[in-house]
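Chains, contacts and geometry: an overview
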Amino acid sequence: MNILVPFIHRLCPIFSSAMTMYNDEYPSLVRAQHESRTRANCVYDHAWMGLESEFILDEGFHFLDIRGLKILNIRDELVIRVKKVDANGYHRNYPTAQQKAFDKQEELPGLPTEATRIVLGYQPDIAFSEVERVIVRDPIKKWASQIIEGEAKASWIDITPIELPFREAKRKKSR
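First, a word on scope: everything that follows refers to the structure included in this document. Computed from a prediction, not measured in an experiment: that's the story for all the values here. (Residues numbered from 1 in each chain as written. Predicted model: local features only at pLDDT ≥ 70, side-chain atom pairs only at ≥ 80, totals over all residues. Heavy atoms only, no water.)

**Observations regarding the overall build of the protein chain**
Filter applied, for reference: Helix and strand assignments follow DSSP, with helices taken as H or I runs no shorter than four residues and strands as E runs no shorter than two, numbered in order from the N terminus. Buried means the residue's accessible area, taken with a 1.4 Å probe over protein chains only, is under 20% of the maximum for its type, while exposed means over 50%, and partly exposed covers the values in between. Note on areas: these come from Shrake-Rupley sampling with a 1.4 Å probe, and a residue is covered only by the protein chains present in the view.
Across its full length, the protein chain holds five helices and seven strands. In the protein chain, the order of α-helices and β-strands from amino to carboxyl end is α-α-α-β-β-β-α-β-β-β-β-α. Counting only residues that meet the buried cut, the protein chain has 43% of its 175 residues in that class. For the protein chain, the accessible surface area stands at approximately 10300 Å², while carbon and sulfur atoms represent 52% of it.

Dropping the structure here:
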């Protein structure tokens, strides 16, 4: 999280703006026909464009597209994927080999091997009308932090879910 500290105040508005754009600019009849995957993809696209607009001129920020996997590389120290997440910071989608490799911190062509890989996610409310919170999650170390927007500056709090012993065993068995 220390690498993100100077930038966290600029992250939350990107997700809120993406959600607002989806809800305000898409006609309600169109939104009513979208499945959850489509809604998430629309917000993702707008959030990704928002990240590029906000950080493209920042030194050390590189936006990568590795076989369809869009990544923000910050100074070869931190590599970020953007996702819709649940209350614990977990993302749900079909786990491709590339996605699994990213989450397991395995080598991927085009990514710095030493960089910490995290998921920067937004948790929408039940109506998909606003962003409840923005969460940073390290899939390998299993910590999660919620970004808190403040008037003076942004901060974060640890929201790492407690891992029960049987959950970890179940997860290993399903792999």
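**Section: the pairing of strand 2 (residues 69–74)**
The side chains of a regular strand alternate, residue by residue, between the two faces of the sheet. Put simply, the test is: Note on pairing: two strands pair once DSSP finds at least 2 bridges between them.
Burial analysis of strand 2 places five of its six residues in the buried class, which makes it a mostly covered element. Examined bridge by bridge, strand 1 (residues 61–66) and strand 2 share six bridges and lie antiparallel to one another. Bridging across to strand 2, Phe63 finds its partner in Leu72. With three bridges connecting them, strand 2 and strand 3 (residues 78–84) associate as antiparallel partners.

**Considering the environment of Lys104**
Mapping Lys104 onto the fold places it in the loop between helix 4 (97–103) and strand 4 (116–124). With 34 residues separating them along the chain, Lys104 and Asp138 place their C-alpha atoms 9.7 Å apart.

**Some details on the packing of aromatic side chains**
For any two aromatic rings, the description comes down to two numbers: the centre-to-centre distance and the angle of the planes. Where we set the bar: Think of it this way: a Phe, Tyr or Trp ring, Trp meaning its six-membered ring, pairs with another when their centres are within 6.5 Å, and the plane angle makes it stacked under 30 degrees, edge-to-face over 60, tilted otherwise.
If you walk through the whole model with that rule in mind, you get eight aromatic pairs. Here the aromatic rings of Phe7 and Phe55 are separated by 6.0 Å at their centres, their planes lie at 80°, and the arrangement is edge-to-face. Here Phe7, found in the segment before helix 1 (12–25), pairs with Phe55, found in helix 3 (residues 36–55); they are 48 residues apart in sequence, far enough to count as distant. Each member of the pair, Phe7 together with Phe55, is buried. Their ring planes at 90° and their centres at 5.9 Å tell us that Tyr22 and Phe128 sit as a pair that is edge-to-face.

**Considering helix 1**
Turn by turn, an α-helix covers 3.6 residues, leaving residues three or four places apart pointing in a common direction. The condition is simple: A helix is expected to reach a length of 1.5 Å times the quantity of its residues less one. The contact criterion used throughout is that any non-hydrogen atoms of two residues lie within 4.5 Å.
When the terminal C-alpha atoms of helix 1 are compared, their 20 Å separation across 14 residues agrees well with the 20 Å that a helix rising 1.5 Å per residue should span. Residues Cys12, Ile14, Phe15, Ala18, Met19, Tyr22 and Asn23 constitute the buried set of helix 1. Looking at the buried positions of helix 1, the neighbouring elements they touch are helix 2 (28–32), helix 3, strand 3, strand 4, strand 5 (131–138) and strand 6 (143–148).

**Some thoughts on helix 3**
In this model, helix 3 (20 residues) spans 28 Å end to end at C-alpha, consistent with the 28 Å of a helix rising 1.5 Å per residue. Every buried residue of helix 3 is listed here: Ala40, Cys42, Val43, Tyr44, Ala47, Trp48, Leu51 and Phe55. On the buried face of helix 3, the contacting elements are helix 1, strand 1, strand 2, strand 3 and strand 4.

**Thoughts on the sheet that holds strand 4**
Spelled out, the test is: For helices, the fitted axis covers only the stretch in contact; all axes are lines through C-alpha atoms, and the angles between them, taken along N-to-C directions, range from 0 to 180 degrees.
Overall, mixed pairing links the seven strands, which are arranged 1-2-3-4-5-6-7 in an open sheet. Every interior strand has two partners, whereas the edge strands, strand 1 and strand 7 (155–158), have only one. Direction aside, the axes of adjacent strands within the sheet are offset by 30° on average. Examined bridge by bridge, strand 5 and strand 6 share five bridges and lie antiparallel to one another.

**Here we look at unusual backbone geometry**
For Asp76, which is not glycine, the phi dihedral falls at a positive 60°. When you line up the elements, Asp76 lands in the loop between strand 2 and strand 3. Accessibility expressed as a relative area gives 45% for Asp76, which makes it partly exposed. A positive phi angle is found at Phe128, which is not glycine, with a value near 55°. Within the fold, Phe128 resides in the loop between strand 4 and strand 5.

Honestly, it's all geometry; don't read function into it.
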